[in-house]
Amino acid sequence: MIKMRIIIIVLLAFLGIAVQAQTIVKGHVINEQGAGVGYVSIGIEEDSVGVISDAEGYFTLTVPSGRKDELTVTHVSYQTATIPYASYADGRELTVTLRDKSVELAEVIVDGKKNKPQTLSGKSWISVGKAAFEGDSKGDLEWGPIFKKKKDYLLTDIIVSIDKCEYEECLLSFNCYEVRDKEFVNVLNKPIYKCVTPADNGKQIYVRPEELIVLKGKNKYCITISVVDIKGKGRLSFPVNFKSYYARNNVKGKMKKIPAGPMIVVKGYSLE
């Protein structure tokens, strides 16, 4: 009996060490004016260790035992910041300040009378199934179609078909990446969000960027969708079609090709 107690105590000690070896990182992301920055990506690049901050910029991230990587902090409106391991190793609460980007605005003139938006990606609305976000899976998956055109286009609309929203409210985030070899470079300067509710069930939602986004001819692009905030419990499902898509788990994972994804149509004006 005494030996058994010793073994149990030793096992519990090892378990305690294993639990303590995980590093819990808590923090608050703010801008240079001191305001919280919502829906920021914090994690280890291309390693599926990451999290999205809440609407006020607060986050909690669990770093697996044995990892001493620096964390990257990214948001489309700000310069990327890094958090060295030494800054979060002791479990102290962090305040991360993001600096504004220096943004060069595009100068584009479009004759709307002679130019109608053209479909750049996602012509087919034929459903082959459904894909869903479930539970509290905020920021766990980002996915979208890839496409390339011969001419330059001004991005005008992202159209998404909603199957069913069971949440009280669900906030979608959209990103636009230029795919350079294996590197995904976000070309947005302002985030694109869209709130979805059960009133959108069975509908197509239209999303339009607040800035001028020029998609260069012969360059490859990927426009993705993810869930960054929810109210209530349930799931959000989309019709799925076959097309070349990219996807990644968590906010910092590596992008991978998949054969199908949620129905997303991308439209834009042709630029001469």
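For the structure itself, look to the data block above.
Bear in mind that the values here come from a model prediction, so they are computed numbers and not experimental data.

Asks: What should I look at first to understand the overall build of the protein in this one?
Replies: On a plain count of helices and strands, the protein comes out with 2 helices and 21 strands. Going through the 272 residues of the protein one by one, you find that 43% of them count as buried. Contacts in the protein between residues at least 24 apart in sequence constitute 74% of all its contacts with a sequence separation of at least 6. Carbon and sulfur atoms provide 51% of the accessible area of the protein, an area that totals close to 15100 Å².

Asks: I would appreciate a short explanation of the pairing of strand β18 (residues 220-231) in the present structure.
Replies: It is a general feature of regular strands that their side chains alternate between the two faces of the sheet. For β18, a buried count of 9 out of 12 residues is recorded, marking the element as mostly surrounded by other parts of the structure. Examined bridge by bridge, strand β10 (residues 141-148) and β18 share 4 bridges and lie antiparallel to one another. Bridge assignment links Phe147 to a residue of β18, and that residue is Tyr221. Alignment of strand β13 (residues 169-180) against β18, held across 11 bridges, turns out to be antiparallel. Considered in β18, the bridge of Phe174 is made with Ile225.

Asks: Whenever I open this one, the sheet that holds strand β5 (residues 71-74) confuses me. Can you help?
Replies: Consider a sheet: its strands pair through backbone hydrogen bonds, and that pairing is either parallel or antiparallel. What the 4 strands build is an open sheet, ordered β3-β2-β5-β6; its pairing is antiparallel. For this open sheet the edge positions go to β3 (49-52) and β6 (81-83), each flanked by a neighbour on one side alone. Between one strand axis and the next, the sheet turns by 20° as a mean value, whatever way the strands run. By the bridge criterion, 4 bridges tie strand β2 (residues 41-44) to β3 in an arrangement that is antiparallel. Looking across to β3, one finds that Ile44 is bridged to Val49.

Asks: Hey, could you run me through the pattern of salt bridges in this one?
Replies: Pairs may arise between side chains of opposite charge once their charged atoms sit close together. This structure, assessed with the given rule, holds 10 salt bridges. Residue Arg248 pairs with Glu142 through a salt bridge whose shortest N-O separation is 2.8 Å. Here Glu142 lies in strand β10 and Arg248 lies in strand β19 (residues 235-249), a separation of 106 residues in the sequence. The buried category is assigned to Arg248, whose relative accessible area is 15%. A relative accessible area of 6% places Glu142 in the buried class.

Asks: Can you walk me through the environment of Pro259 in this structure?
Replies: On the secondary structure map, Pro259 appears in strand β20 (residues 256-262). Between the C-alpha atom of Pro259 and that of Lys243, which follows or precedes it by 16 residues, the distance is 5.7 Å. Among all residues touching Pro259, those that are not within four sequence positions of it are Phe242 and Lys243.

Asks: Explain the packing of aromatic side chains here, please?
Replies: Geometry of an aromatic ring pair is reported as the spacing of the ring centres plus the angle between the planes. Counting across every chain of the model gives 7 aromatic pairs. Seen from their ring centres, Phe184 and Tyr246 are 4.8 Å apart, and the 80° between their planes marks the pair as edge-to-face. Placement of Phe184 in strand β14 (residues 183-186) and of Tyr246 in strand β19 is noted, with a sequence separation of 62 residues between them. In this structure Tyr246 comes out as buried when scored by relative accessible area, which is 9%. Pairwise contacts between aromatic rings join Phe133, Trp143 and Phe238 into one cluster.

Asks: Even after reading the chapter, I still don't get the nonpolar core, so can you show me in this structure?
Replies: Nonpolar side chains tend toward joint burial in soluble globular proteins. Residues Val160, Leu172 and Leu236 are the most contacted members of the largest nonpolar core, which totals 37 residues. In terms of residue count, β18 provides more of this core than any other element does, 5 residues in total. Discounting residues that sit within four places of it in the chain, Leu236 has contacts with Ala131, Ala132, Phe133, Ile162, Lys164, Cys165, Tyr167, Cys170, Leu172, Val196 and Val227.

Asks: Please explain the state of the cysteines as it appears in this structure.
Replies: As used here, a disulfide is simply a covalent bond connecting the sulfur atoms of two cysteines. The tally for this structure, following the rule as stated, stands at 0 disulfides. With no disulfide of its own, Cys222 has Cys176 as its nearest cysteine by sulfur position, at a separation of 8.4 Å.

Asks: Please clarify how the side chain of Glu211 should be interpreted in this entry.
Replies: Locating Glu211 in the fold gives a position in the loop between β16 (204-207) and β17 (214-215). Lys190 provides the closest opposite charge to the buried, unpaired Glu211, separated from it by 6.8 Å. There is a polar contact of 2.8 Å between the side chain of Glu211 and the backbone nitrogen of Lys190.

Asks: Quick question: what am I supposed to make of the side chain of Ser121 here?
Replies: In this fold, Ser121 is placed in strand β8 (residues 118-121). Residues contacting Ser121, with those up to four places away along its chain left out, are Pro145, Ile146, Phe147, Lys243, Ile264, Val265 and Val266.

Asks: Would you mind showing me how to read the sheet that holds strand β1 (residues 23-31) here?
Replies: Read across the open sheet, the 3 strands follow the order β4-β1-β7; overall the sheet is mixed. Every other strand in the sheet has two partners, leaving β4 (58-63) and β7 (94-98) as the edge strands with one partner each. Neighbour-to-neighbour, the strand axes of the sheet open up by a mean angle of 35°, direction not taken into account.

Scoring rules and cut-offs
- Residues numbered from 1 in each chain as written.
- Predicted model: local features only at pLDDT ≥ 70, side-chain atom pairs only at ≥ 80, totals over all residues.
- Heavy atoms only, no water.
- Helix = DSSP H or I, 4+ residues; strand = E, 2+ residues; numbered from the N terminus.
- Buried < 20%, exposed > 50% of the residue type's maximum accessible area, 1.4 Å probe, protein only.
- Contact = heavy atoms within 4.5 Å.
- Areas by Shrake-Rupley, 256 points an atom, 1.4 Å probe, with all protein chains shown as cover.
- Pairing = 2+ DSSP bridges.
- Axes fitted to C-alpha atoms, helices over the stretch in contact; angles between N-to-C directions.
- Salt bridge = Lys/Arg side-chain N within 4 Å of Asp/Glu carboxyl O.
- Phe/Tyr/Trp six-rings, centres within 6.5 Å; stacked < 30°, edge-to-face > 60°.
- Core = buried A, V, L, I, M, F, W, Y, C linked by side-chain atoms within 4.5 Å.
- Disulfide = S-S within 2.5 Å.
- Lys, Arg positive; Asp, Glu negative; His and termini not counted.
- Polar contact = N/O pair within 3.5 Å; in protein donor to acceptor, adjacent residues only side chain to side chain.

Keep in mind these values describe shape, not function.
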